[in-house]
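Chain by chain, the residues:
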Amino acid sequence: MASSERSYFAGLDIGGTTIKSVLVDEKAEKVTDIVEVRSLVDKGYQSTFEQLEEALGLLAKDAGITVQQIKGIGLDVPAANSDGVIWGKANLASDWVGKNIRQLFSDRAGVPVYMTNDGNAAALGEYFVRRKHFGSLMYVAPGTGLAGGLVMPAGEIYNGSNGLALEVGHISVPFREEDGELPYCSCGWHGCLEAWVSLVALRRRIKLELEKDKWKDHPLNAVDAPIEEKAFMLRDFAESNDELAIQIFKQQGYIFGYGLADLIRVFDPGLVVIGGGLAETSFREPYLQWVLEGFEERAWPIYYRSPIEPDTFTTRFEWALGGDSAGALGMAFAAKEKFG
Ligand SMILES: [Zn+2]
């Protein structure tokens, strides 16, 4: 077939600062590298549509095809939505809320569009890059928040009735601060899992610990930097085995695993993929051990050790493979599955 007759499918992953995009062909093979353009989500959805069109143009140019050969688009946004209708604004400008963004962009682009949220998009990306995986897959990614998504065995995302499923960051966990209080969560509630395992949680923890006498001589106390920067520096400290850094990440990992035990008891996914920035660090293996400690503390043994030989494990844990391209890849693959 001449290349001008071939069909292609685009994945567009809208983040707070960049839009990442990629193109796949009819065989779900990647045909371009990831192309990035600026995200203008805070300027309104019309400005974002222009950026999406720019990304589509760049993808077509990279692949040596015309934009008209793109026959379907997968689109994800960092906000809860139901088949394209945005529920709440998060980092978006307020004109997004209540609009059917999927339909509006589909009308403008003249091709069908599939839309979901960023956690689901990354979950789909991790599913599709594991070409030989046919079971279900639960994706969890501690970052600024705690994203999640559940892919069912046929490669379909579990959306729930309203597109609101797998808000895994906001299940409650039975842990309290040393003063007996529950930590504040970005959702406005207290004591959520996210309030213990996210980057925001890390900042709170560092601040609390550095005020203690025990750490008054810790090098981070001598650094004149905002807490956001110290939180990133803590990863470097953990990589060089610093006692404070290890203590903090150990607590985060343990509580993360403890919370995951309940999610695994509900969904029994078989495979749990952990994404987010920690997946890129050299201390991810000890971190995973702390996650497993928390998980095995809370879960019944049947959730981690199969009584039926030779299936030794009932739940496997893996690090993400897609990096920060997972969302764009997931959306491109999903578009090919739905519209190819
Ligand atoms: Zn919460």
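Residues numbered from 1 in each chain as written. Predicted model: local features only at pLDDT ≥ 70, side-chain atom pairs only at ≥ 80, totals over all residues.

**Here's the deal with the overall build of the protein**
Secondary structure assignment for the protein yields 10 helices and 11 strands. For a compact globule of 340 residues, the expected C-alpha radius of gyration is about 20 Å, and the protein comes in at 21 Å, within 12% of that figure. In terms of overall dimensions, the protein has C-alpha extents of about 70 × 55 × 35 Å along its principal axes. Contacts spanning at least 24 positions in sequence make up 64% of the contacts within the protein whose residues lie at least 6 apart. (Helix = DSSP H or I, 4+ residues; strand = E, 2+ residues; numbered from the N terminus. Rg over C-alpha atoms; globule rule 2.2 N^0.38 Å. Contact = placed C-beta atoms within 7 Å.)

**Here's the deal with the packing of helix α7 (residues 227-239) against helix α8 (residues 243-267)**
It is at 8 Å that the axes of α7 and α8 come closest, and there the two elements cross at 105°. Relative to α8, α7 is oriented roughly perpendicular. Contact residues: α7 offers Leu-234, Phe-237 and Ala-238, while α8 offers Ala-245, Ile-246, Ile-248 and Phe-249. Partitioned by chemical class, the residues of the contact of α7 with α8 number seven nonpolar, no polar and no charged. (Axes fitted to C-alpha atoms, helices over the stretch in contact; angles between N-to-C directions. Parallel < 35°, antiparallel > 145°, perpendicular 65-115°, else oblique. Nonpolar A, V, L, I, M, F, W, Y, C, P; charged D, E, K, R; others polar.)

**Digging into the sheet that holds strand β3 (residues 35-38)**
Judged by pairing direction, the sheet is mixed, and its five strands sit side by side in the order β3-β2-β1-β4-β7 without closing on themselves. Two strands in the sheet have a free side with no partner beyond their single neighbour: β3 and β7 (113-117). If you compare each strand with its neighbour and ignore which way they point, the axes differ by 20° on average. The sheet contact formed by strand β4 (residues 70-77) and β7 spans five bridges and is parallel. Looking at the pairing, Val-77 lines up with Asn-117 of β7. Against the sheet, helix α1 (residues 45-63) touches β1 (8-14), β2 (18-25), β3 and β4, its axis set at about 155° to β3. Here helix α3 (residues 118-129) sits on the sheet in contact with β1, β4 and β7, set at roughly 110° to β7. (Pairing = 2+ DSSP bridges.)

**A closer look at unusual backbone geometry**
The backbone of Leu-166 shows a phi angle near 60°, a positive value even though the residue is not glycine. Here Leu-166 shows up in the loop between β9 (146-151) and α4 (194-197). For Asn-241, which is not glycine, the phi dihedral falls at a positive 65°. Along the chain, the position of Asn-241 falls in the loop between α7 and α8. Here Asn-241 falls in the exposed class, since 10 other C-beta atoms lie within 10 Å of it. (Buried ≥ 20, exposed ≤ 12 C-beta atoms within 10 Å, placed from the backbone.)

**Focus on the domain arrangement of the protein**
Partitioning the protein into domains gives domain 1 (3-130 + 324-339) and domain 2 (137-319). Spacing between the C-alpha centres of domain 1 and domain 2 amounts to 28 Å. Contributing elements (two or more residues each) for the side of domain 1 that touches domain 2: β5 (81-82), α3 and α10 (326-339). Of the residues forming the side of domain 1 that touches domain 2, the biggest block, eight residues, is contributed by α3. Broken down by class, the residue content of the side of domain 1 that touches domain 2 amounts to six nonpolar, five polar and four charged. (Domains from an automatic or database assignment.)

**Re helix α2 (residues 101-109)**
Those residues of α2 that sit buried are Ile-101, Arg-102 and Phe-105. Mapping the buried residues of α2 onto a view down its axis gives an arc of 100°, with all of them on the same face. Lining the buried residues of α2 we find α1, β4, β6 (85-86) and β7. At the exit of α2 stands Gly-110, carrying a positive phi of roughly 75°. (Arc of directions from axis to C-beta.)

**Observations regarding the nonpolar core**
By size, the foremost hydrophobic cluster in this structure holds 94 residues, and its most contacted members are Ala-10, Leu-12, Ala-123, Leu-124, Val-140 and Ala-332. For this core, the domains that each give at least three residues are domain 1 (3-130 + 324-339) and domain 2 (137-319). Ignoring any residue separated from it by four or fewer positions in sequence, one finds Val-140 in contact with Leu-146, Gly-148, Val-168, Leu-260, Val-272 and Ile-274. (Core = buried A, V, L, I, M, F, W, Y, C linked by C-beta atoms within 7 Å.)

**Observations concerning the packing of helix α5 (residues 199-210) against α7**
Two elements in contact, α5 and α7, have axes separated by 9 Å at closest approach and are oriented at 100°. Between α5 and α7, the interaxial angle falls into the category roughly perpendicular. Where α5 abuts α7, its residues Leu-199, Leu-202, Arg-203, Ile-206 and Lys-207 lie against Ile-227, Glu-228, Lys-230, Ala-231 and Leu-234. Classifying every residue of the contact of α5 with α7 gives six nonpolar, no polar and four charged.

**Observations regarding α1**
Two residues of an α-helix separated by three or four positions point the same way, owing to the 3.6 residues in each turn. Its 19 residues place the ends of α1 27 Å apart at the C-alpha level, agreeing with the 27 Å of an ideal helix rising 1.5 Å per residue. Restricting attention to buried positions, one finds in α1 the residues Tyr-45, Thr-48, Gln-51, Leu-52, Ala-55, Leu-56 and Leu-59. In a view along the axis of α1, the buried residues occupy a sector of 145°, so they form one face of it. Structurally, α1 contributes buried residues whose contacts are with β1, β2, β3, β4 and α2. Just downstream of α1, Gly-64 is the residue with a positive phi angle, here 70°. (Expected span 1.5 Å × (residues − 1).)

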